[in-house]
Amino acid sequence: MATTNYRLIDVDALDPESAFPAELLTPPCDPIPTPQIQSLATHCRQLLQRGDQETALVTALENVPYGGDEQGKELHLGTVLEILSSIKAVEMSPLLGRLYASPSGTELLDVLTKYLYKGMARHNNSTSSSSTPGVSSHATGVSSVSGAREYGVAPGRGDGGGMSVLLSWHEKVVEIAGTGAIVRVMTDRRTV
């Protein structure tokens, strides 16, 4: 008998077609300048001021700056989270139901899930770093940033409720779109 241990053979090295170049795994995204993202944010804020939260949310979710730089992506994240925090809790499910019923509904809710996760990660990073200058921790475990607005918190609401807003939206998205939205977001290589 042969003493070859087949579990130690690197079969990928034997098949040259099994190696995928990175450009095949990541879809190409056209670069988007930050001023274009700023004008989109201004347009969404104007829609919010007119009371048209649904159109503002759809506009923000349909125009995702996948090819933008980090500053542009952060600006768009702030815009999306501002829109989400302006929508009342009782309006969440009907609004998400209408979005999901639209022709591009699955894609819109997937993009919304990406922004929810990015907002949660940002909120988690801002509250876990208590040694950051300008951040003070309170006995309740909530951190406050001096001079900065916390993403996901409605204006004038400094109670640290940003994570609860994001979790409420996440609950409603999963209720409407199912767990498939989570799986699609985790496997998509395009980042927001």
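For the structure itself, look to the data block above.
Residues numbered from 1 in each chain as written. Predicted model: local features only at pLDDT ≥ 70, side-chain atom pairs only at ≥ 80, totals over all residues. Heavy atoms only, no water.

A.B. asks: Help me out: how do you make sense of the pattern of salt bridges in this one?
C.D. replies: Side-chain pairs of opposite charge can arise where the charged atoms are in close proximity. In the structure shown here, the tally under the stated rule is eight salt bridges. Of the charged contacts in the structure, one is a salt bridge between Glu82 and Arg45, with a shortest N-O distance of 3.0 Å. Note that Glu82 is positioned in helix H5 (residues 70-86) and Arg45 in helix H3 (residues 34-49), a separation of 37 residues in sequence. Taking relative accessible area as the criterion, Glu82 reaches 22% and is therefore assigned partly exposed. A salt bridge links Glu74 to Lys118; the nearest nitrogen and oxygen atoms lie 3.7 Å apart. Placement of Glu74 in helix H5 and of Lys118 in helix H7 (residues 105-128) is noted, with a sequence separation of 44 residues between them. (Salt bridge = Lys/Arg side-chain N within 4 Å of Asp/Glu carboxyl O. Helix = DSSP H or I, 4+ residues; strand = E, 2+ residues; numbered from the N terminus. Buried < 20%, exposed > 50% of the residue type's maximum accessible area, 1.4 Å probe, protein only.)

A.B. asks: When you look at the layout of surface pockets in this model, what are you seeing that I'm missing?
C.D. replies: Here the second largest pocket is characterised by a volume of approximately 160 Å³. Taken together, Lys114, Tyr117, Lys118, Val185, Asp188, Arg190, Thr191 and Val192 form the lining of the second largest pocket. Per-element accounting of the lining of the second largest pocket gives the leading share, three residues, to H7. In terms of residue class, the lining of the second largest pocket is built from three nonpolar, one polar and four charged. (1 Å grid on protein atoms, 1.4 Å probe; cavity = no way out; pocket = protein on both sides within 12 Å on 5 of 7 lines; lining within 4 Å. Points joined across faces, edges and corners; volume = space filled by probe spheres on them. Nonpolar A, V, L, I, M, F, W, Y, C, P; charged D, E, K, R; others polar.)

A.B. asks: How should a nonpolar patch on the surface be read in this particular structure?
C.D. replies: Taken together, the side chains of Tyr6, Ile9, Val11 and Leu14 define a hydrophobic patch exposed on the protein surface, amounting to about 460 Å² of accessible area. In this structure, Ile9 sits in the segment before helix H1 (11-14). What makes Ile9 partly exposed here is its relative accessible area of 36%. (Patch = residues over 30% accessible without salt bridge, like charges linked within 9 Å, V, L, I, M, F, W, Y side chains within 5 Å. Areas by Shrake-Rupley, 256 points an atom, 1.4 Å probe, with all protein chains shown as cover.)

A.B. asks: Got a minute to help me understand the packing of helix H6 (residues 89-101) against helix H8 (residues 162-177) in this structure?
C.D. replies: Angle between the axes and distance between the axes: these two values describe a pair of packed helices. It is at 10 Å that the axes of H6 and H8 come closest, and there the two elements cross at 45 degrees. Classed by the angle they form, the pair H6 and H8 counts as oblique. Crossing hand, H6 versus H8: right-handed. Contacts from Met92, Ser93, Leu95, Leu96, Gly97 and Tyr100 of H6 reach H8 at Ser168, Trp169, Lys172, Val173, Glu175, Ile176 and Ala177. Residue classes in the contact of H6 with H8 are distributed as eight nonpolar, three polar and two charged. (Axes fitted to C-alpha atoms, helices over the stretch in contact; angles between N-to-C directions. Parallel < 35°, antiparallel > 145°, perpendicular 65-115°, else oblique. Left-handed = near helix turned anticlockwise from the far one by under 90°. Contact = heavy atoms within 4.5 Å.)

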